[in-house]
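Residue-level structural notes
Below are the chains, spelled out letter by letter.
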Amino acid sequence: MRSVQELTRMFDQQELLWGKAVKVSQQVLSQKFLSFPAELFERVFHDLLPHLQVHWHSRLKRPLPLAVKYASKN
């Protein structure tokens, strides 16, 4: 799975298909993703969901940082 940050780096450093490398901000990519057709977003989400679930379960096994514990109690 590639993040928006990785995609931004790829646009900046690599020529893709017929296009030249271009500077693109993460904010611009994030805004562009908001205009995705719902069906495309759904397919991407379903492809990513198993990966996200694995990471979520691994997070649950790690101890919480002290600042988070404190914030949760207060």
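Keep in mind that this is a model prediction, so the values were computed, not measured. (Residues numbered from 1 in each chain as written. Predicted model: local features only at pLDDT ≥ 70, side-chain atom pairs only at ≥ 80, totals over all residues. Heavy atoms only, no water.)

**Some words on the overall build of the chain**
Check the secondary structure of the chain and you find four helices and zero strands. From first element to last, N terminus to C terminus, the chain shows the α and β order α-α-α-α. Burial statistics for the chain: of 74 residues in total, 4% are counted as buried. Carbon and sulfur atoms form 62% of the exposed surface of the chain, whose accessible area is close to 7000 Å². (Helix = DSSP H or I, 4+ residues; strand = E, 2+ residues; numbered from the N terminus. Buried < 20%, exposed > 50% of the residue type's maximum accessible area, 1.4 Å probe, protein only. Areas by Shrake-Rupley, 256 points an atom, 1.4 Å probe, with all protein chains shown as cover.)

**Some words on the confidence of the model for the chain**
Within the chain, residue pLDDT values average 78, and 78% of them lie at 70 or more. Looking at the elements of the chain, mean pLDDT is at its lowest for helix 1 (residues 4–13), recorded as 69, and at its highest for helix 4 (residues 66–73), recorded as 90. (pLDDT = per-residue confidence, 0-100.)

**Overview of helix 3 (residues 38–61)**
Given 3.6 residues to a turn, an α-helix orients residues that are three or four positions apart in the same direction. Under the 1.5 Å per step criterion, the end-to-end length of helix 3 is 34 Å for 24 residues, consistent within 8% with the ideal 34 Å. If you look at helix 3, its biggest bend is around 40°, right at Leu49, and the proline Pro50 turns up within four residues after that. (Expected span 1.5 Å × (residues − 1). Bend = angle between axes of the 7 residues up to and from the residue.)

**Side note on a nonpolar patch on the surface**
A surface patch of nonpolar side chains, amounting to about 290 Å² of accessible area, comprises Phe41, Phe45 and Leu52. Its location among the elements puts Leu52 in helix 3. By relative accessible area, Leu52 is classed as partly exposed at 38%. (Patch = residues over 30% accessible without salt bridge, like charges linked within 9 Å, V, L, I, M, F, W, Y side chains within 5 Å. Salt bridge = Lys/Arg side-chain N within 4 Å of Asp/Glu carboxyl O.)

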